[in-house]
Protein chains: 2
Amino acid sequence: MSKHSPLNSIAFQNHDHSICIDQALALAEQRCHQLHARLTPQRKRVLELIWQSHKPLGAYDLLEMLNQASQKRIAPATIYRALDFLQATGLVHRLASLNAFTGCCAHDSHADCCFFICEQCRRVIEMEGNEVASIIDKSARQANFSYQQLSLEVVGLCPDCRTDQ
Amino acid sequence: MSKHSPLNSIAFQNHDHSICIDQALALAEQRCHQLHARLTPQRKRVLELIWQSHKPLGAYDLLEMLNQASQKRIAPATIYRALDFLQATGLVHRLASLNAFTGCCAHDSHADCCFFICEQCRRVIEMEGNEVASIIDKSARQANFSYQQLSLEVVGLCPDCRTDQ
DNA sequence: AATTGAAATGTTATATTATAACATTTACAC
DNA sequence: GTGTAAATGTTATAATATAACATTTCAATT
């Protein structure tokens, strides 16, 4: 795999997405175990909903989905807390330009991911940002800026949508 | 100037900022003239407030400043319209991770700027993103993704704040 | 098994950011 | 001067996110 190939390169192809979901959840269990973090049923459910979606979900989308699925009403704070946890454990990204959340495909280097966002269908490709990160690292050094985290969001048209034009 | 040097490299140094403001406003006049876009007094005032600030301002910050300065009450929509205009003409950037707006230092390539954001003092360095853009361009080609615009926001500590730690 | 302290969740209220929809005013081309 | 499009005013509301405090759950240790 090249240094900058898509992590979810099959995202825009037909595939058995249930396998993606299962893998992601298994990986999440594993990582949380390592971190001594608790992937509670609620947190797991949120992660699952995020992975089930083919595009990033807003907090209130998740809220609605959870509230439709069960009887008990859940409040925004609950969702945001679950999302905070999932971000802190590197399982989910927040895409600032969309105010929405997407599952993290990276095995490590959660902090340096890049996202290609289709402005038409809203689907997302996540890329390892190693190459970009090293450029930024260099620039940061020059500017004497201590760089902690980058967020790179690229807007455009995905292969499907650009041909529909 | 190297391909990736800061556009506002003196941002973290003491300087006569009124010159920055004047230059930015003059450039804005010029660009709007070229574009046959109207830099109305209100739009100009918003741009001026943004440049006067040493850190990005939220829409409601601007609202408050405008409403304190004059008698007439201005509504959010007015600010957002001015900001829309300033973004469309490439005079202002919206930093998605901050929900805030900052003056654009780039002479061209407004679409490809990178930002270093100090999480402590909230000041920002803007960089030309040419180098990053070319990497992204390459990746986009490989993924058959048509890339239109990128937004790169790097969070960390500026030279001043990292030494205060 | 009971105790307990920390973590997680529930609950209510509210803050913050942004837009929709329609009315009025302004500026420029003709 | 007049008509027209752009800009602004105005009112209401949508969408996103957090604060503050109460309650419950979990799991480590008696």
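Everything below is about the structure printed above this text.
A few points on the structure.

### Concerning the interface of chain A and chain B
1) Next: With 34 residues of chain A at the contact, the number on the chain B side is 34 residues.
2) Next: Around 3100 Å² of area is buried between chain A and chain B when both sides are counted, 61% of it from carbon and sulfur atoms.
3) Next: On the chain A side of the contact with chain B, A:Phe116, A:Ile135 and A:Phe145 bury the most area, a combined 19% of that side's loss.
4) Next: Linking chain A with chain B are two salt bridges, by the criterion used here.
5) Next: Between A:Glu131 and B:Lys138 there is a salt bridge whose closest N-O contact spans 3.3 Å.
6) Next: If you look at where chain A meets chain B, you find 14 residue pairs in polar contact (both at pLDDT 80 or more).
7) Next: Elements supplying a minimum of two residues to the side of chain A that touches chain B: strand E3 (113-118), strand E4 (124-128), helix H5 (130-142), strand E5 (146-157) and helix H6 (159-164) of chain A.

### Digging into the pairing of strand E3 (residues 113-118) of chain B
Residues and elements named next belong to chain B.
1) Next: Within E3, six of the six residues are buried, leaving the element largely enclosed by the surrounding structure.
2) Next: Residues Cys-113, Phe-115 and Ile-117 of E3 are buried on one face, and the alternating residues Cys-114, Phe-116 and Cys-118, pointing to the opposite face, are buried as well.
3) Next: Note that E3 and strand E4 (residues 124-128) share five bridges and pair antiparallel. When the sheet's bridge partners are listed, Cys-114 is paired in E4 with Met-127.
4) Next: Following E3, the chain reverses through five residues before pairing antiparallel with E4; Arg-122 in that reversal takes a positive phi of roughly 70°.
5) Next: Two strands pair when backbone bridges link them, and E3 and strand E5 (residues 146-157) are joined in this way by five bridges, in the parallel orientation. Bridge pairing in E5 links Phe-115 to Glu-153.

Procedures and definitions
- Residues numbered from 1 in each chain as written.
- Chains lettered and ligands numbered in written order.
- Predicted model: local features only at pLDDT ≥ 70, side-chain atom pairs only at ≥ 80, totals over all residues.
- Heavy atoms only, no water.
- Contact = heavy atoms within 4.5 Å.
- Buried area = accessible area lost by both parts, 1.4 Å probe.
- Salt bridge = Lys/Arg side-chain N within 4 Å of Asp/Glu carboxyl O.
- Polar contact = N/O pair within 3.5 Å; in protein donor to acceptor, adjacent residues only side chain to side chain.
- Helix = DSSP H or I, 4+ residues; strand = E, 2+ residues; numbered from the N terminus.
- Buried < 20%, exposed > 50% of the residue type's maximum accessible area, 1.4 Å probe, protein only.
- Pairing = 2+ DSSP bridges.

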